[in-house]
Amino acid sequence: MLKVGIIGAGLIGRKRAANLAGATLVAVADRSRERAEKLAADHGAQVEATATSLVARRDVDAVIVATTNDALASSAIAALEAGKHVLVEKPAGRRPSEIEAQRRAAEQAGRVLRVGFNHRFHPALQRAKAILAGGELGPLLYIRACYGHGGRPGYDREWRADPSSAGGGELLDQGVHLVDLCRWMGGELELVAGAAATFFWDMPVEDNGFLLLRSPDGARTAWLHASWTEWKNLFRFEIFARTGKLEIAGLGGSYGVEELRCFRMKPEMGPPDVEVQSFPGEDRSWQLEFDAFRGELDGKRTDIARAEDALRAVAIVHGVYRSEGLPWAEEEAS
């Protein structure tokens, strides 16, 4: 059975620990000893004082890195250099160079490195991708998507509001999910224009991000909005094809019941035929993604994101940061 160590015992670390079917959690490390002890106790695991001591354990086969953004790259690289396979949470790094360093470390170590873009494994999005790939609606034309929440009191004093810890704001937080889903659905995209704005929260990073993307051949476009001022939590992902449209709304929980609407154009046009599928119940995307990660360790090709996917998404975000003249923007690699 696969033996796993988790670095980072916050919300995402707890979600990962709860979705390790087919594997055993053997060790946990976190900057907060109390938090690590709580997660370890809940799963019968041991506590390690540091990420360094965790990755050095001989009984750890794979490491999940679920830290704040500033520690993602260093923790993942340490695990890879110690001979462990790694699942690192999105965005995988604060800037493209941090992700590229992980990719090189994985190549040199001969170990698997994958990135936690769990939204790929939501059933409505999986079904939409299958319909699109099946060709029944014709080729993809464009995507329009919004993703956001309204924060909470004190949100502007949390680590996500600090560019040194987070590497950016809402574009790097939820925006990269939208970019990744667009690329996963329809292929490569490039930045045409974007904006990073701070409308409400008293923070140096953006609380809203806007992206206009286009495929290299100009055949597909995406218009995306990620927001920390979406006062009612929202996820809406619309895929427009030649003879129909797919609309995904909700992610469960506070985002509402996950639902897929398929609009099929009639030959005479007019109001389309509509098919609605709902996916109530618990969010299984974390479990399905971990299953995919284990499959990759066995040499299977799955839908799980790779370092190259994270690299492209974060590079697009940094293209916006450069255009806005933000001090934490990384220059484009030559």
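Further up the page is the structure itself.
To keep things clear, this report deals only with the structure shown in the data block. (Residues numbered from 1 in each chain as written. Predicted model: local features only at pLDDT ≥ 70, side-chain atom pairs only at ≥ 80, totals over all residues. Heavy atoms only, no water.)

**Focus on the sheet that holds strand E3 (residues 46-47)**
Read across the open sheet, the seven strands follow the order E3-E2-E1-E4-E5-E6-E15; overall the sheet is mixed. Bordering the open sheet on either side are E3 and strand E15 (305-306), each of which pairs with just one other strand. Note: strand E4 (residues 62-65) against strand E5 (residues 85-89), four bridges, orientation parallel. Note on E5: the bridge partner recorded for Ile64 is Leu87. Together, strand E1 (2-7), strand E2 (23-29), E4, E5, strand E6 (113-116) and E15 form the strand contacts of helix H9 (residues 285-297), whose direction differs from that of E5 by roughly 150 degrees. (Pairing = 2+ DSSP bridges. Helix = DSSP H or I, 4+ residues; strand = E, 2+ residues; numbered from the N terminus. Contact = heavy atoms within 4.5 Å. Axes fitted to C-alpha atoms, helices over the stretch in contact; angles between N-to-C directions.)

**Regarding the sheet that holds strand E12 (residues 244-249)**
In space, the eight strands of this open sheet follow the order E8-E9-E10-E7-E11-E12-E13-E14, with mixed pairing throughout. Bordering the open sheet on either side are strand E8 (190-197) and strand E14 (273-279), each of which pairs with just one other strand. Each strand of the sheet is rotated relative to its neighbour by a mean of 10 degrees, with strand direction disregarded. With seven bridges joining them, strand E7 (residues 140-148) and strand E10 (residues 221-227) adopt parallel strand pairing. Across the sheet, Tyr147 pairs through a bridge with Ala226, a residue of E10. Its contacts with the sheet place helix H6 (residues 123-134) against E7, strand E11 (234-241), E12, strand E13 (258-264) and E14, and it is angled at close to 25 degrees to E13. Along the sheet, helix H10 (residues 307-323) makes contact with E8 and strand E9 (208-214), crossing E8 at roughly 60 degrees.

**A short note on empty space enclosed by the protein**
Over the atoms, a rolling probe the size of a water molecule traces out where space has been left empty. Under the definition given, this model contains two cavities of 30 Å³ or more. The volume enclosed by the largest cavity comes to roughly 40 Å³. Around the largest cavity, the lining residues are Asn69, Trp159, Arg160, Ala166, Gly168, Gly169, Leu172, Asp173 and Trp228. Of the residues in the lining of the largest cavity, the class split is four nonpolar, three polar and two charged. Its volume calculated, the second largest cavity comes out at about 30 Å³. What lines the second largest cavity is simply Leu140, Ile143, Cys182, Gly186, Gly187, Leu189, Arg220, Thr221 and Ala222. Contributions of two or more residues to the lining of the second largest cavity are made by E7, helix H8 (170-186) and E10. (1 Å grid on protein atoms, 1.4 Å probe; cavity = no way out; pocket = protein on both sides within 12 Å on 5 of 7 lines; lining within 4 Å. Points joined across faces, edges and corners; volume = space filled by probe spheres on them. Nonpolar A, V, L, I, M, F, W, Y, C, P; charged D, E, K, R; others polar.)

**Digging into the layout of surface pockets**
The space that makes up the second largest pocket amounts to roughly 320 Å³. Surrounding the second largest pocket, 15 residues form its lining, Pro96, Arg312, Ala315, Glu332 and Ala333 being those nearest its centre. Put simply, the parts of the chain that give the lining of the second largest pocket at least two residues each are helix H5 (96-109), E8 and H10. Examining the composition of the lining of the second largest pocket, we find that six residues originate from one element, H10, more than from any other. Of the residues in the lining of the second largest pocket, the class split is six nonpolar, two polar and seven charged.

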